[in-house]
Amino acid sequence: MAAKKRTTRRTTRVAAQERPVALTLKIDRKMYRRLLGLRAAGEKLRTHQEILQQALKEYLDRAEA
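About the thresholds
Residues numbered from 1 in each chain as written. Predicted model: local features only at pLDDT ≥ 70, side-chain atom pairs only at ≥ 80, totals over all residues. Heavy atoms only, no water. Helix = DSSP H or I, 4+ residues; strand = E, 2+ residues; numbered from the N terminus. Buried < 20%, exposed > 50% of the residue type's maximum accessible area, 1.4 Å probe, protein only. pLDDT = per-residue confidence, 0-100. Expected span 1.5 Å × (residues − 1).

## Examining the overall build of the protein chain
When you go through the protein chain residue by residue, the secondary structure sums to 3 helices and 0 strands. In sequence order, the protein chain lays out its α and β elements as α-α-α. In the protein chain, buried positions account for 3% of the 65 residues.

Put into structure tokens, the structure is as follows:
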């Protein structure tokens, strides 16, 4: 019989920190068209997710958060 891995508070907390969290962002049509324009212009970042992640990371870096 295989030994079952024991779950502790510490391992549970670490696992929870590594799981991505979904955020919802509502934008107006004009901003959405601009976002689509980035993809059409051959922007290196291909998905909306990647574009928004980079923008959020840059904002947090500037805010030193």
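Text resumes after the structure shown.
## What about the confidence of the model for the protein chain?
Residues at a pLDDT of 70 or more form 71% of the protein chain, whose mean pLDDT is 80. Predicted confidence in the protein chain is weakest over helix H1 (residues 9–18), with a mean pLDDT of 68, and strongest over helix H3 (residues 48–62), with 89.

## Structural notes on H3
The terminal C-alpha atoms of H3 lie 21 Å apart, and with 15 residues this matches the ideal 21 Å at 1.5 Å per residue to within 8%. Positive phi shows up at glutamate 64, right after H3, with a value of about 55°.

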